[in-house]
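# A structural walkthrough
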Amino acid sequence: MSQFKSKEEAAESGVYIRKIQSFVKREGRLTKGQEKAIESNWETMGLEHKSGLLDMNEVFGRTAPVVLEIGFGMGKSLVTMAKNEPDKDFIGIEVHRPGIGACLADAQEQGVTNLRVYEHDAVEVLADCIADGSLSRMQLFFPDPWHKKRHHKRRIVQPEFVEKLRSKLAIGGVFHMATDWENYAEHMLEIMAVAPGYKNLSSTSDYVPRPEQRPLTKFEQRGHRLGHGVWDLMFERVA
Ligand SMILES: C[S@@+](CC[C@H](N)C(=O)[O-])C[C@H]1O[C@@H](n2cnc3c(N)ncnc32)[C@H](O)[C@@H]1O
């Protein structure tokens, strides 16, 4: 960026500075089933970033607490949660198209109607589509850990990101993270410890036991058997 003070200033001079993204778009092939699930459910369950600010009451046809999940992968736990908590509405964001397809296929099979999805970068969806103070819970489960130190800047949990998230949560709303990578758990804790306006819900000021509402995935069960750890972190928006 050297001669520019900010990305905006660079953009004004016609210089494009590449954004650091938390994901690498994998070109996984869509199965026939995933493709079909997108075709038949996108109209009812798909949301578009380009449509701008979301009117949640209109989208879900009711007023209910809204839970937003970033990077839901294949959507297994998101669909289970939407099914288990019918009194809430769920929005999932994912960039991996086969994941979108798998999630919609699962939702259709389970008869879940309180779920909508974006196929887009969550950072942009948060900035452009989600109203301030509109979320009751925000979920980030097993985000890409970016193991190497030189890649830590790509981790989605950064001061700017958690501050943006806080503005989207209602006061009393909860930001729930989980990871199976200890160094990322410590990184999350470090960022959250100095983030203003949050209270750690851990009685030991670090991690919480896995709350009932987060389904135990097969991957996690296998990890348990192999003696691997999983760390859950929950922070409430207090200001
Ligand atoms: C390691 S996977 C975990 C998936 C899932 N939460 C689970 O527990 O199985 C992380 C997911 O986050 C998605 N992701 C990463 N950054 C994202 C972003 N900025 N917006 C939307 N999805 C993102 C990736 O595509 C990937 O599917």
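Below, the structure is looked at part by part. Predicted, not measured: the structure shown is a model, and the values here were computed from it.

## Describing helix H4 (residues 76-84)
Looking at H4, one finds that the buried residues are Ser77, Leu78, Val79, Met81 and Ala82. Those residues of H4 hidden inside the fold are in contact with strand E2 (66-70), strand E3 (89-94), helix H5 (97-110), strand E4 (115-119) and strand E5 (135-141).

## Describing the pattern of salt bridges
Counted according to the given criterion, the structure contains 13 salt bridges. Between Asp121 and Lys19 there is a salt bridge whose closest N-O contact spans 4.0 Å. Residue Asp121 is found in the loop between E4 and helix H6 (122-129), and its partner Lys19 is found in the loop between helix H1 (7-12) and helix H2 (32-45); the two are separated by 102 residues along the sequence. Assessed through its relative accessible area of 10%, Asp121 is described here as buried. Judged by relative accessible area, which is 30%, Lys19 ranks as partly exposed. In this structure, Lys88 and Asp87 form a salt bridge, with 3.8 Å as the shortest nitrogen-oxygen distance. Note on Lys88: relative accessible area 19%, which makes it buried. Residues joined by salt bridges that share partners form a network here, namely Glu85, Asp87, Lys88 and Arg137.

## Focus on the pairing of E5
Look at any regular strand and the pattern is simple: side chains alternate between the two faces of the sheet. Most of E5 is tucked away: six of the seven residues are buried. With six bridges connecting them, E5 and strand E6 (residues 169-179) associate as parallel partners. Paired with Leu140 across the bridge in E6 is Met177. Each parallel crossover has a hand, and the one from E5 via helix H7 (residues 159-168) to E6 is right-handed.

## Quick word on H6
Listed as buried for H6 are Ala122, Val125, Leu126 and Cys129. For H6, the angular spread of the buried residues around the axis is 110°, confining them to a single face. Structurally, H6 contributes buried residues whose contacts are with E2, E3, E4 and H7. Where H6 begins, one side-chain oxygen reaches toward the backbone nitrogen of Val123, 2.9 Å away; that side chain belongs to Asp121.

## Overview of the sheet that holds E2
Spatial strand order, E1-E4-E3-E2-E5-E6-E8-E7: eight strands in an open sheet with mixed pairing. Only two strands of the sheet have a single partner each, and these edge strands are strand E1 (46-47) and strand E7 (198-200). Both E3 and E4 contribute to a ladder of five bridges, which runs parallel. Residue Ile91 lies in a different strand from E4, and its bridge partner there is Arg116.

## Describing the side chain of Ser77
Structurally, Ser77 can be placed in helix H4. Overall, Ser77 belongs to the buried group, its relative accessible area being 13%. Apart from residues lying up to four places away in sequence, Ser77 is in contact with Glu69, Phe141, Pro215 and Thr217.

## Side note on the site of the ligand
In the vicinity of the ligand lie 15 residues, with Ser22, Gly71, Glu94, Ala122 and Phe141 positioned nearest. Here an oxygen atom of the ligand sits 2.5 Å away from a polar atom, N or O, in the side chain of Glu94. Here a nitrogen atom of the ligand sits 2.7 Å away from a polar atom, N or O, in the main chain of Phe141. Look at the ligand: alone it shows 600 Å² of surface, and the protein chains cover 81% of it. In terms of residue class, the shell around the ligand is built from seven nonpolar, four polar and four charged.

## Structural notes on the nonpolar core
Membership of the largest hydrophobic core comes to 35 residues, with the highest contact counts inside it found for Ile70 and Phe175. Tallying contributions element by element places helix H8 (residues 182-194) first for this core, with five residues. Apart from residues no more than four positions distant in its own chain, Phe175 is found in contact with Met138, Leu140, Val162, Leu165, Leu169, Met192, Tyr198, Leu233, Met234 and Phe235. Residues Trp42, Met81, Val112 and Ala178 belong to the second largest nonpolar core, which totals 20 residues.

Definitions and cut-offs
- Residues numbered from 1 in each chain as written.
- Predicted model: local features only at pLDDT ≥ 70, side-chain atom pairs only at ≥ 80, totals over all residues.
- Heavy atoms only, no water.
- Buried < 20%, exposed > 50% of the residue type's maximum accessible area, 1.4 Å probe, protein only.
- Helix = DSSP H or I, 4+ residues; strand = E, 2+ residues; numbered from the N terminus.
- Contact = heavy atoms within 4.5 Å.
- Salt bridge = Lys/Arg side-chain N within 4 Å of Asp/Glu carboxyl O.
- Pairing = 2+ DSSP bridges.
- Right-handed = clockwise from strand over helix to strand, strands pointing away.
- Arc of directions from axis to C-beta.
- Polar contact = N/O pair within 3.5 Å; in protein donor to acceptor, adjacent residues only side chain to side chain.
- Near = heavy atom within 4 Å.
- Areas by Shrake-Rupley, 256 points an atom, 1.4 Å probe, with all protein chains shown as cover.
- Nonpolar A, V, L, I, M, F, W, Y, C, P; charged D, E, K, R; others polar.
- Core = buried A, V, L, I, M, F, W, Y, C linked by side-chain atoms within 4.5 Å.

Note that every value here comes from positions in space, so none of it alone points to a role or purpose.
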